[in-house]
Amino acid sequence: MKKPRTAVRSCHQKQASGHEGREKQVLSSSQVKPSTPDGTMPKFPEAPAGLARRQKEVVLRDPVSPYHLFRDTAEVTVFRENLLSWYDREKRDLPWRRRAEGEVDPDRRAYAVWVSEVMLQQTQVATVIDYYTRWMQKWPTLQDLASASLEEVNQLWAGLGYYSRGRRLQEGAQKVVEELGGHVPHTAETLQKLLPGVGRYTAGAIASIAFGQATGVVDGNVVRVLCRVRAIGADSGSTFVSQQLWSLAQQLVDPARPGDFNQAAMELGATVCTPQHPRCSQCPVQSMCRAHQRVEREQLVASQSLPGSPDVEECAPSTGQCQLCAPPTEPWDQTLGVANFPRKASRRPPREECSATCVLEQPRALGGARILLVQRPKSGLLAGLWEFPSVTAEPSGQCQREALLRELQSWAGPLPATHLQHLGQVAHTFSHIKLTYQVYGLALEGQIPVTITPPGARWLTREEFHTAAVSTAMKKVFRVYEGQRPGTCKGSKRSQVSAPSTQRKPSPGQQVLDSFFRPHHPTDVSSLNSMAQ
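Residues numbered from 1 in each chain as written. Predicted model: local features only at pLDDT ≥ 70, side-chain atom pairs only at ≥ 80, totals over all residues. Heavy atoms only, no water.

- If you check an unreviewed UniProt entry, the protein chain appears there as Adenine DNA glycosylase from Panthera pardus.

What follows is the structure in structure tokens.
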């Protein structure tokens, strides 16, 4: 009599265990949307024999194997209990959590969650903490934010990136105050429908954390957790896989503690089930993790040194390729372990653009030296922020100097062209653009101070520049200017530096300037990864 194998059985093997087992696994992934609080599947009435046969034939061609699903109420319950127990012990102390937990008023609680979720999009927790604290001190209620100016919002948001988030957050607050009677919508559906800038994830987070709606959420951390727990190796960015992940999240969310459950899933991905070097031994759902089982199986096969052992996917439906498995062109990488999941989607490199920009300074202006800033258009990249006068330029364009001079003169009047000096270049990558700035400087030494400026322009002191609504890119440009003031010998090594960061030790004055512009980021808090950005 054959001995049963001790290795973890693959889904293909489980499917081959008999006709009865296959019939118990007939639910397709599109049906994993529980209508009962305990996560069980809805019951359907008996169908005629002919219809049942046709349904069975459809199931056999289903591109998703039950291996990737939670099929059992007990399994769902254990997953919830293990995850929530771990979260209660290990959750980080974060300001938005404290505020939401201690707030009795539901609208103020929703606002506190809303601000944090918008700030945390594509941004690390350690970076957000300081911005969130200052934001809530300045605008503790929706009404406060709604009455603020866009200039104030941009000023506080400066350096956080993805600047349209702040603008849309204020637009949403204004809509709540002016059109919704000051009350935030309570459901994910109405939040997403009525509030600008609120997508499916943000709506679900607000609804579950602030209002207790049993709705699942999927962000980058949850994608990683679910892809590993259910061994989903297909491209998580595809529409089909994304739909399955949302279905799984909805099936798993605990109706008794939906907000805590969603935060627990995100916390697990941020602190334990990390993109690299995950701490599997500390995972509360390790025993249910298909990726971990796959690692054990591969290690067992390798230790037994079985010759000719087939390298097959864990899951293989009876016909065709499972749409939740990694494609055959991407075999298992033994060195990655559970980090084989999720599959890294190929990303387009950011397009490259070039701009010529100039720091125009009046060293002898009344009240101290001043620099010229102009405001960007109200829409598009960095909408409404302030910057040094700039023109779009070709990387090797011969006319950028002349074009830049004309731009400067349109803001400040006649200027001494011979004083315009090229100081170097600095690059900054936005979400979809890598922008290289050719940095120029022009100091109006001995000139009559410019006292009249057209609308959309300002002369600011250095202190005012630091607190103005300017982007990180402009701060990089200014650091190049400060490190290489006009008048430095063009042939010197210093004038050939292409970016402010170099290997040599900066001067004491530059160190002071660097610390002046570098925001303080607490280092004792781990960062969230979104989208495994």
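Next comes the rest of the description.
## Section: the packing of aromatic side chains
So, step 1. Applying the stated criterion across every chain yields a total of ten aromatic pairs.
So, step 2. On the numbers, 5.9 Å between centres and 55° between planes, the contact of W332 with F341 is tilted. Comparing W332 with F341, the two get one shared label, buried.
So, step 3. The interplanar angle of 25° and the centroid separation of 6.1 Å between the aromatic rings of F478 and Y481 together place this pair among those described as stacked. Pair noted here: F478 and Y481 are both in helix 19 (residues 472-483), with a separation of three residues, about one helical turn. (Phe/Tyr/Trp six-rings, centres within 6.5 Å; stacked < 30°, edge-to-face > 60°. Buried < 20%, exposed > 50% of the residue type's maximum accessible area, 1.4 Å probe, protein only. Helix = DSSP H or I, 4+ residues; strand = E, 2+ residues; numbered from the N terminus.)

## As for the pattern of salt bridges
So, step 1. Taken as a whole, this structure holds 20 salt bridges when the rule is applied.
So, step 2. For R167, the salt bridge goes to E171, with nearest N and O atoms at 3.9 Å. On the criterion of helical spacing, the pair formed by R167 and E171 is a turn pair, its members being four residues apart in helix 10 (residues 164-179).
So, step 3. Given the relative accessible area of 34%, E171 is considered partly exposed.
So, step 4. Residues R297 and E298 are paired through a salt bridge, measuring 3.8 Å at the closest nitrogen-oxygen approach.
So, step 5. Each member of the salt-bridge network shares a partner with another, and the members are D88, R257 and D260. (Salt bridge = Lys/Arg side-chain N within 4 Å of Asp/Glu carboxyl O.)

## Observations regarding unusual backbone geometry
Across the chain, the bulk of peptide bonds are trans and the bulk of non-glycine residues have phi less than zero.
So, step 1. In this chain, F341 is followed by P342 through a cis amide linkage whose omega measures -10°.
So, step 2. Within the secondary structure, P342 is located in the loop between helix 16 (290-304) and strand 1 (351-362).
So, step 3. Phi is positive for Q122, which is not a glycine, with a value near 60°.
So, step 4. Take Q122: it is sitting in the loop between helix 6 (106-120) and helix 7 (125-138).
So, step 5. Residue classification places Q122 among the partly exposed residues on the basis of a relative accessible area of 34%.
So, step 6. Positive phi outside glycine occurs at A231, with the angle close to 50°.
So, step 7. Examined against the element boundaries, A231 turns out to sit in the loop between helix 13 (220-229) and helix 14 (239-252).
So, step 8. Since its relative accessible area comes to 4%, A231 is described here as buried.

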